[in-house]
Amino acid sequence: MSLKKRSQWCLVVSGTVSLILLMTVLYSSNRGQRRSSSSLRHDYQLMGRPLYKLDLSWPKNPEIFTGDVFCVAVNQYAAVVYVGQRGSNVPKVLVFTTEGDFLMSWNTTTLEMPHGMFLADAASKDPTVWITDVGDGPYGHCIKQYSPSGMLLQVLGTPGKAGSGLDPLQFDQPAEIFVHESGEMYIVDGDGGMNNRLIKLSKNQQVLWMHAEKGQSLAQFYIPHSVTVDSAQRVWVADRGNKRIQVFNSITGDWLGTWGSCFTEDAPYSVRLTPDKKYFVVVQLNTNQITLLDAPPVGLIGQCKVVSVIQLAEDVKPHLVDLDLKAGALYVAEIEAQQAQKFTPFSLGGNLL
């Protein structure tokens, strides 16, 4: 082969190799981007007993999420899901069906930074949505009750004024509210503010009892973040800063027990009961986990026992949860992923969970 032909052949081979390398790099890069995007939404692992699986079809239009998603609430009778998000120039509440169809967004200026959300009176003709607002503006530091369409009905606390007063009632970054079917309210007040309180209010919004000391001792709190009440008159509080769940008698306010051994790696951020009352659903934000714990029988607190773990993708940052008390589905608000996700229960022996 002549020197000229050999030179031309070398150029062709060199060009072909370069093109192959370039295509490989681009393909790998694109595939990596797709994998990263996919993992942010869909990747998860089940550990322990498989109780829930991800519903990939919910919602049908995930691009509707435009802010950091902090909270979620479900009306099991109307088959409606409310999602609270934060951000500049974004609707603070999005409303979906449990099948994933987008219904509406709330056009309200009375909500600054939604943190916790609770659906009250679901079975009545007038259900309402309660939202805790941790904003620092003129509408912040209070708890608001809205109609299903986003009309402001009433406000607990003093809008725009952080404080610890009881008359008039004041909050500082209230984290969450639980409204019992009796109309009584349980409030955890202190998502990093001056207060570290668990407050029980009557139906007429009078203080019935309260624990308000910051600390690590029994019945003291450091960033109480979530609260739920079971059918055995027990109040369960995710004491985030102390990496534990504390339990109280709902009638007297007496301390009943503490769970801490399950939270050595990360704190509990939310606590909810499954519809069958068998498991507590606890979110751990920094480890990106949803943990299901055995619910103890009446008269016993004991120690926490992990039954199942849903390990989400890295940097999803699950924050608070709610459950469809009719269908059993679990909805998770995820801050960093800017989305809410739906998990449906496996059917074991024909029964949910």
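The present account deals with the structure reproduced in this document. (Residues numbered from 1 in each chain as written. Predicted model: local features only at pLDDT ≥ 70, side-chain atom pairs only at ≥ 80, totals over all residues. Heavy atoms only, no water.)

## Points about the overall build of the chain
Consideration 1: Counting secondary structure elements, the chain contains one helix and 27 strands.
Consideration 2: Sorting the 353 residues of the chain into buried and exposed places 52% on the buried side. (Helix = DSSP H or I, 4+ residues; strand = E, 2+ residues; numbered from the N terminus. Buried < 20%, exposed > 50% of the residue type's maximum accessible area, 1.4 Å probe, protein only.)

## Topic: the sheet that holds strand 4 (residues 80-86)
Consideration 1: The four strands are arranged 3-4-5-6 in an open sheet whose pairing can be described as antiparallel. The sheet is open, and its two edges are formed by strand 3 (68-75) and strand 6 (102-105), each paired on a single side. The mean angle between the axes of side-by-side strands here comes to 20°, regardless of whether they run parallel or antiparallel.
Consideration 2: Examined bridge by bridge, strand 5 (residues 93-97) and strand 6 share three bridges and lie antiparallel to one another. Counted as the bridge partner of Leu 94 is Ser 105 from strand 6. (Pairing = 2+ DSSP bridges. Axes fitted to C-alpha atoms, helices over the stretch in contact; angles between N-to-C directions.)

## Comments concerning the sheet that holds strand 8 (residues 128-133)
Within a sheet, each strand pairs with its neighbour through backbone hydrogen bonds, oriented either parallel or antiparallel.
Consideration 1: Strand order across the open sheet formed by four strands is 7-8-9-10, with antiparallel pairing between neighbours. Strands at the two margins of the open sheet, each flanked by one partner only, are strand 7 (114-120) and strand 10 (152-156). On average, each strand axis in the sheet is inclined to that of its neighbour by 20°, with strand direction left out of account.
Consideration 2: As paired elements, strand 9 (residues 142-146) and strand 10 share four bridges and run antiparallel to each other. When the sheet's bridge partners are listed, Gln 145 is paired in strand 10 with Gln 154.

## Remarks on the packing of aromatic side chains
Consideration 1: Overall, the coordinates contain 13 aromatic pairs when judged by the stated rule.
Consideration 2: Summarising the aromatic geometry, the rings of Phe 118 and Phe 178 are spaced 4.8 Å apart at their centres and angled 55° between planes, so their arrangement reads as tilted. Taken together, the positions of Phe 118 in strand 7 and Phe 178 in strand 11 (residues 174-179) put the pair 60 residues apart, joining distant regions of the chain.
Consideration 3: With relative accessibility at 11%, the residue Phe 118 sits in the buried group.
Consideration 4: The class of Phe 178 is buried, set by a relative accessible area of 11%.
Consideration 5: Aromatic side chains Trp 259 and Phe 280 sit 5.9 Å apart centroid to centroid with 85° between the ring planes, which places their arrangement in the edge-to-face category. In this pair, Trp 259 sits in strand 18 (residues 255-259) while Phe 280 sits in strand 20 (residues 279-284), placing the two residues 21 residues apart along the sequence.
Consideration 6: Looking at Phe 280, the relative accessible area reads 1%, which means it is buried.
Consideration 7: An aromatic cluster of at least three residues, connected via ring pairs, comprises Trp 58, Phe 65, Phe 96, Phe 102 and Tyr 331.
Consideration 8: Over the aromatic face of Phe 70 sits the side chain of Arg 86, whose NZ or CZ is 3.5 Å from the ring centroid. (Phe/Tyr/Trp six-rings, centres within 6.5 Å; stacked < 30°, edge-to-face > 60°. Lys NZ or Arg CZ within 6 Å of the ring centre and 35° of its normal.)

## Notes on unusual backbone geometry
Consideration 1: Backbone torsion omega between Trp 58 and Pro 59 reads -15°, so that peptide bond is classified as cis.
Consideration 2: Within the fold, Pro 59 resides in the loop between strand 2 (52-54) and strand 3.
Consideration 3: In this structure, Pro 168 follows Asp 167 across a cis peptide bond, with omega equal to 5°.
Consideration 4: Tracing the sequence through the fold places Pro 168 in the loop between strand 10 and strand 11.
Consideration 5: One non-glycine residue, Ile 223, lies in positive phi territory at about 65°.
Consideration 6: With respect to the secondary-structure elements, Ile 223 resides in the loop between strand 14 (207-211) and strand 15 (224-229).
Consideration 7: The residue Asp 315 is not glycine, and still its phi comes out positive at about 65°.
Consideration 8: With respect to the helices, strands and loops of the structure, Asp 315 is situated in the loop between strand 22 (306-312) and strand 23 (318-323).
Consideration 9: The class of Asp 315 is partly exposed, set by a relative accessible area of 39%.

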